[in-house]
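Tertiary structure, described
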Amino acid sequence: MIDLSERDQKVLEAVITDYIQSGDPVGSRTISKRSGLSVSSATIRNVMADLEEWGLLYQPHTSAGRFPTKKGWRFYLDSIMPTQATGG
């Protein structure tokens with residue numbers, strides 16, 4: 001199991017939430033504007049690159065945003081979403 005930091009989890013959650021709403025790959029600037037995270041889009045890009053390296057996100061080409069992989073969805077459903085639903 002991958003051990004993500006709280007920031008990693010928040011970025012993954014933001015990508016998934018925006019992807020659900022738009023159906024399009026999500027860029028770091030979008031996450032920076034909409035997520036409420038108080039970090040730069042460059043920091044978010046670095047986190048997204050890590051999430052991609054761990055197989056949780058996919059970037060179809062260099063200039064595109066990213067979207068969740070099956071593994072990313074599974075991690076979100078198993079580790080992030082239940083925590084929110086139970087408040088813990």
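Structural notes, computed from the coordinates.

Here the focus is the packing of aromatic side chains. Counted by the stated rule, this structure contains three aromatic pairs. Taking the centre distance of 5.8 Å and the plane angle of 20° together, the rings of Y19 and F67 count as stacked. A residue pair is termed long-range when its members are at least 10 positions apart, and Y19 in helix α1 (residues 6-22) and F67 in strand β2 (residues 67-68) qualify at 48 residues. Given a relative accessible area of 23%, Y19 falls into the partly exposed group. In this structure an aromatic cluster arises from ring pairing among Y19, Y58, F67 and W73.

Right, let's talk about the nonpolar core for a bit. Among the nonpolar cores identified, the biggest contains 18 residues, and V11, L12, V15 and L51 are the most heavily contacted of them. Put simply, the parts of the chain that give this core at least two residues each are α1, α3 (41-53) and α4 (70-86). Beyond its immediate stretch of four places on either side in the chain, V15 contacts V26, I31, M48, L57, R66, F67 and P68.

Moving on: α3. With 13 residues, α3 extends 18 Å between its outermost C-alpha atoms, agreeing within 8% with the 18 Å of an ideal straight helix rising 1.5 Å per residue. All of the buried residues along α3 are I44, V47, M48 and L51. Projected onto a plane normal to the axis of α3, the buried residues spread over an arc of 100° and lie on a single side. What points out from α3, more than 90 degrees from its buried face, is the exposed set N46 and E53. Buried residues along α3 sit in contact with α1, α2 (28-34) and β1 (57-58).

This next bit is on the pattern of salt bridges. One pass over the full model with this rule turns up four salt bridges. A salt bridge links E6 to K10; the shortest N-O distance between them is 3.2 Å. Of this pair, E6 and K10 both sit in helix α1, four residues apart, which is roughly one turn of the helix. Since its relative accessible area comes to 38%, K10 is described here as partly exposed. We note a salt bridge from R74 to D78, for which the minimum N-O separation is 3.0 Å.

Here the focus is the side chain of R66. You can see R66 is positioned in the loop between β1 and β2. A distance of 3.0 Å separates polar atoms of two side chains, one belonging to R66 and the other to E52. Within the structure, R66 has its side chain in polar contact with the side chain of Q59 (distance 3.2 Å). Setting aside anything within four residues of it in sequence, one finds R66 in contact with V15, P25, V26, R45, M48, A49, E52, L57, Y58 and Q59.

Criteria and thresholds
Residues numbered from 1 in each chain as written. Predicted model: local features only at pLDDT ≥ 70, side-chain atom pairs only at ≥ 80, totals over all residues. Heavy atoms only, no water. Phe/Tyr/Trp six-rings, centres within 6.5 Å; stacked < 30°, edge-to-face > 60°. Helix = DSSP H or I, 4+ residues; strand = E, 2+ residues; numbered from the N terminus. Buried < 20%, exposed > 50% of the residue type's maximum accessible area, 1.4 Å probe, protein only. Core = buried A, V, L, I, M, F, W, Y, C linked by side-chain atoms within 4.5 Å. Contact = heavy atoms within 4.5 Å. Expected span 1.5 Å × (residues − 1). Arc of directions from axis to C-beta. Salt bridge = Lys/Arg side-chain N within 4 Å of Asp/Glu carboxyl O. Polar contact = N/O pair within 3.5 Å; in protein donor to acceptor, adjacent residues only side chain to side chain.

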